[in-house]
Amino acid sequence: MTRSSVVRRWLTWPKRTWQVVRALSGDDAYERYLEHCREHHAGSTPLGRRAFYLYEQERRYRDGPTGCC
């Protein structure tokens, strides 16, 4: 392994770690939605960020609370 490749790996791990954290928390859902729309629904206009958020909230909680409280 050359020195430059080691430096590159050290410089990219924070970015990759942040991507993993965002994916696990669901924070990247809107970006994934836009990517899906580009790949599968090229002719349609995707929802805006706020509309997507409201849609997801409604979808998630439509059947009432699912937790203990």
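Residues numbered from 1 in each chain as written. Predicted model: local features only at pLDDT ≥ 70, side-chain atom pairs only at ≥ 80, totals over all residues. Heavy atoms only, no water.

Student: What am I meant to see in the overall build of the protein here?
Tutor: From N to C terminus, the protein includes 3 helices and 0 strands. Dimensions of the protein, computed from C-alpha atoms along their principal axes, come out at roughly 55 × 40 × 15 Å. Counting all 69 residues of the protein, 10% fall into the buried class. Taken as a whole, the protein presents about 6,400 Å² of accessible surface, with 58% of it coming from carbon and sulfur. Charged side chains in the protein number 13 positive and 8 negative. The centres of these two groups are separated by 10 Å. (Helix = DSSP H or I, 4+ residues; strand = E, 2+ residues; numbered from the N terminus. Buried < 20%, exposed > 50% of the residue type's maximum accessible area, 1.4 Å probe, protein only. Areas by Shrake-Rupley, 256 points an atom, 1.4 Å probe, with all protein chains shown as cover. Lys, Arg positive; Asp, Glu negative; His and termini not counted. Charge placed at Lys NZ, Arg CZ, Asp CG, Glu CD.)

Student: Even after reading the chapter, I still don't get the packing of aromatic side chains, so can you show me in this structure?
Tutor: Any pair of aromatic rings gets described here by the distance separating the centres and the angle formed by the planes. By the definition in use, this model includes 4 aromatic pairs. Summarising the aromatic geometry, the rings of Y30 and Y33 are spaced 6.0 Å apart at their centres and angled 35° between planes, so their arrangement reads as tilted. Residue Y30 and its partner Y33 are both found in helix 2 (residues 29–40); the two are separated by 3 residues, about one turn of the helix. Comparing Y30 with Y33, the two get one shared label, buried. (Phe/Tyr/Trp six-rings, centres within 6.5 Å; stacked < 30°, edge-to-face > 60°.)

Student: What exactly am I supposed to notice about helix 2 here?
Tutor: Owing to its 3.6 residues per turn, the α-helix brings residues three or four apart onto one side. End to end, helix 2 covers 16 Å across 12 residues, agreeing with the expected 16 Å (1.5 Å per residue, within 8%). Buried residues of helix 2: Y30, Y33 and C37, and no others. Projected onto a plane normal to the axis of helix 2, the buried residues spread over an arc of 55° and lie on a single side. What points out from helix 2, more than 90 degrees from its buried face, is the exposed set R38 and E39. Elements in contact with the buried residues of helix 2: helix 3 (49–61). (Expected span 1.5 Å × (residues − 1). Arc of directions from axis to C-beta. Contact = heavy atoms within 4.5 Å.)

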